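What follows is each chain in one-letter form.
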Amino acid sequence: MPVATQPARLAAALAVLLAAVTGCAPQDETDTAAPAACTGPRPATRTPGTLTVGTDKPAYAPWFQGDDPASGKGFESAVAYAVAGRLGFDRSAVRWRTVPFNNAVAPGPKDFDFAINQVSISDERRRAVDFSSGYYTVRQAVVALKDSPAAQATTAAGLRHARLGAQVGTTSLDVVNDVIRPDRQPAVFQKNDYAKSALKNRQVDAVVVDLPTAFFITSAEVPEAKVVGQLPATGARAEQFGLVLDKGSRLTPCVSKAVDDLRGDGTLARLEKQWLADAAGAPELR
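1. Considering the overall build of the protein
Part 1 of the argument: Along the protein, the regular secondary structure elements total 10 helices and 10 strands.
Part 2 of the argument: Evaluated residue by residue, the protein yields a buried proportion of 48% over its 286 residues.
Part 3 of the argument: Expressed as a percentage of contacts within the protein between residues at least 6 apart in sequence, the contacts between residues at least 24 apart total 72%.
Part 4 of the argument: Surface exposure of the protein reaches about 14100 Å², of which carbon and sulfur atoms provide 54%.

Spelled out as structure tokens, the structure:
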């Protein structure tokens, strides 16, 4: 074999080997596969032509009205349909599925395309699920019976000796432990309904919930209670609710873009004004 041809043959062999290695290398699904899911009139979903949305039951006001997520009434119901519209699904193509709060944020495959249930975005939860962009910036608040000593608190420290309650697995419970730091274990409830019953029955002195829920509790469900005040956030970032998706879902960038567009054109602000109470009247508990 002529010596002059050996470098050329060696280069060709290396090129073939490099192509084979490159073809077998893992690809970045976030940068390559995900955008493809958002092309066309509507993205691919679990059931072709249908957008499956999960939420808990009961579906509480003011996030939903009449325990009916499909009504389009209530802030989160309206947001879900607005996101669906941005994705190319009309209202008749949306199917609702009951998904308990803890199941929505637990690791493992999901039986919904996205869930909406006042789920706060956190780094810990991101290890198990995907989140969309935040659709609502939230503060946590304390609700107490008007004749309770807890109702007179003006600081978080003033609640340290109170019997407090919150729903399990929520940011509300995190705020109880991290901000108030009570001197006794807080009562933990599977659902906010149980927490409200405990408050009415004086089994707890106060409960911690998100601020819009606090206003609804005191105006419609437990009128003998009051919003004691808002609690400071636990981290450097503002707490936000996000739509929950399966970990690594190709739908995540599509849903985030839909939320961003709804924020950009003022839809989220309009729906917030329509369905959620103004927080201006709740004092700060520092």
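2. Points about the nonpolar core
A general trend in soluble globular proteins is that nonpolar side chains are found buried together.
Part 1 of the argument: Membership of the largest hydrophobic core comes to 34 residues, with the highest contact counts inside it found for Val 83, Phe 114 and Tyr 135.
Part 2 of the argument: Of the residues forming this core, the biggest block, nine residues, is contributed by helix H3 (residues 75–87).
Part 3 of the argument: Setting aside residues no more than four positions away along its own chain, Phe 114 makes contact with Leu 51, Thr 52, Val 53, Gly 54, Ala 80, Val 83, Leu 243, Val 244, Leu 245 and Val 255.
Part 4 of the argument: Val 142, Ala 144, Ala 151 and Leu 231 belong to the second largest nonpolar core, which has 20 residues in total.

3. Some points on the pattern of salt bridges
Two side chains bearing opposite charge may form a pair once their charged atoms approach each other closely.
Part 1 of the argument: Counted under the stated rule, the structure contains 12 salt bridges.
Part 2 of the argument: Between Glu 221 and Lys 196 there is a salt bridge, with the nearest N and O atoms lying 3.0 Å from each other. Placement of the pair is Glu 221 in helix H8 (residues 211–221) and Lys 196 in helix H7 (residues 192–200), with a sequence separation of 25 residues.
Part 3 of the argument: Note that Asp 261 is salt-bridged to Lys 257, the shortest N-O span being 2.9 Å. Remark: Lys 257 and Asp 261 occur in helix H9 (residues 252–264); sequence separation between them is four residues, near one turn of the helix.

4. Points about the pairing of strand S4 (residues 129–137)
Part 1 of the argument: Of all nine residues that make up S4, eight are buried, and the element is covered over most of its length.
Part 2 of the argument: By the bridge criterion, six bridges tie S4 to strand S10 (residues 240–246) in an arrangement that is antiparallel. Paired with Thr 137 across the two strands is Gln 240, which belongs to S10.

5. Things to note about the confidence of the model for the protein
Part 1 of the argument: Looking at the protein as a whole, the pLDDT averages 88, with 86% of positions reaching at least 70.
Part 2 of the argument: Of the regions scoring below 50 in pLDDT, residues 1–34 engages in nine contacts with residues more than four places distant in sequence or in other chains.

6. Remarks on the side chain of Asp 113
Part 1 of the argument: Looking at the secondary structure, you find Asp 113 in the loop between helix H4 (101–105) and strand S3 (114–115).
Part 2 of the argument: No salt bridge is formed by the buried Asp 113, whose closest oppositely charged neighbour, Arg 46, lies at an N-O distance of 5.2 Å.
Part 3 of the argument: Within the local environment of Asp 113, its side chain forms a polar contact with the backbone nitrogen of Thr 52, the two atoms lying 2.7 Å apart.
Part 4 of the argument: The contacts of Asp 113, once residues within four sequence positions are left out, are Thr 45, Arg 46, Thr 50, Leu 51, Thr 52, Val 244, Leu 245 and Leu 251.

7. Observations concerning the packing of aromatic side chains
Part 1 of the argument: Counted under the stated rule, the structure contains nine aromatic pairs.
Part 2 of the argument: When the ring of Trp 63 is compared with that of Tyr 136, the centres are 5.7 Å apart and the planes differ by 70°; the resulting orientation is edge-to-face. A residue pair is termed long-range when its members are at least 10 positions apart, and Trp 63 in the loop between strand S1 (51–55) and H3 and Tyr 136 in strand S4 qualify at 73 residues.
Part 3 of the argument: The exposure class assigned to Trp 63 is buried, which follows from its relative accessible area of 0%.
Part 4 of the argument: In this structure an aromatic cluster arises from ring pairing among Trp 63, Phe 75, Tyr 135, Tyr 136 and Phe 241.
Part 5 of the argument: For the cation-ring pair, Arg 91 lies above Tyr 81, with the distance from its terminal atom to the ring centre recorded as 4.7 Å.

8. Some thoughts on the sheet that holds strand S6 (residues 164–167)
Part 1 of the argument: Read from one edge of the open sheet, five strands run S7-S6-S8-S5-S9, paired in mixed fashion. Edge positions in the sheet fall to strand S7 (187–189) and strand S9 (225–230), since each has one partner strand and no second. Taken over all neighbouring pairs, the strand axes of this sheet differ in orientation by 30° on average, direction set aside.
Part 2 of the argument: Pairing of strand S5 (residues 140–145) with S9 involves five bridges; the strand directions are antiparallel. Of the residues in S9, the one forming a bridge with Leu 145 is Ala 225.

9. A look at the environment of Thr 52
Part 1 of the argument: Within the secondary structure layout, Thr 52 lies in strand S1.
Part 2 of the argument: Classification of Thr 52 as buried rests on a relative accessible area of 5%.
Part 3 of the argument: Considered as a pair, Thr 52 and Arg 95 are 43 residues apart in the sequence and their alpha carbons are 4.8 Å apart.
Part 4 of the argument: Here Thr 52 is in contact with Arg 95, Arg 97, Asp 111, Phe 112, Asp 113 and Phe 114, once residues within four sequence places are set aside.

10. Overview of the pairing of strand S8 (residues 206–210)
Regular strands show a simple pattern: their side chains alternate between the two faces of the sheet.
Part 1 of the argument: With respect to burial, S8 is a largely interior element, five of its five residues being buried.
Part 2 of the argument: With two bridges connecting them, S6 and S8 associate as parallel partners. When the sheet's bridge partners are listed, Leu 164 is paired in S8 with Ala 206.

Definitions and limits used
- Within each chain, residues carry numbers counting from 1 in the order of the written sequence.
- Residues qualify for local features only when their pLDDT is at least 70, as the model is predicted, and side-chain atom pairs are given and counted only at 80 or more; totals for whole chains, interfaces and linings, by contrast, use all residues.
- Each side-chain value is derived from all of the structure's non-hydrogen atoms; neither hydrogens nor water enter the calculation.
- Strands are runs of DSSP state E lasting at least 2 residues, helices are runs of H or I lasting at least 4, and numbering of each runs from the N terminus.
- In this scheme, a residue with accessible area under 20% of its type's maximum is buried, one over 50% is exposed, and one in between is partly exposed, where area comes from a 1.4 Å probe on protein chains only.
- Contacts were defined at the residue level, with two residues in contact if any of their heavy atoms lie within 4.5 Å.
- Residue burial considers only the protein chains on display, and all accessible areas are found by Shrake-Rupley using a 1.4 Å probe.
- The nonpolar core is taken to be a set of buried Ala, Val, Leu, Ile, Met, Phe, Trp, Tyr and Cys residues, with the residues joined through side-chain atoms within 4.5 Å.
- Think of a salt bridge as a Lys or Arg side-chain nitrogen and an Asp or Glu carboxyl oxygen that are within 4 Å of each other.
- Two strands qualify as a pair provided DSSP detects at least 2 bridges between them.
- pLDDT is defined as a per-residue confidence score from the predictor, taking values between 0 and 100.
- The charge count includes Lys and Arg as positive and Asp and Glu as negative, but it does not include His or the ends of the chains.
- As used in this structure description, the phrase polar contact means that two N or O atoms lie within 3.5 Å; if the pair is within protein, one of them must be able to donate a hydrogen and the other to accept it, and residues adjacent in sequence are counted only when both atoms belong to side chains.
- Any Phe, Tyr or Trp ring, taking Trp's six-membered ring, that has another such ring centre within 6.5 Å forms a pair; planes under 30 degrees apart are called stacked, those over 60 apart edge-to-face, and the others tilted.
- Charge-over-ring contacts are defined here by two conditions on Lys NZ or Arg CZ: a distance within 6 Å of the ring centre and an angle within 35 degrees of the ring normal.
- For helices, the fitted axis covers only the stretch in contact; all axes are lines through C-alpha atoms, and the angles between them, taken along N-to-C directions, range from 0 to 180 degrees.

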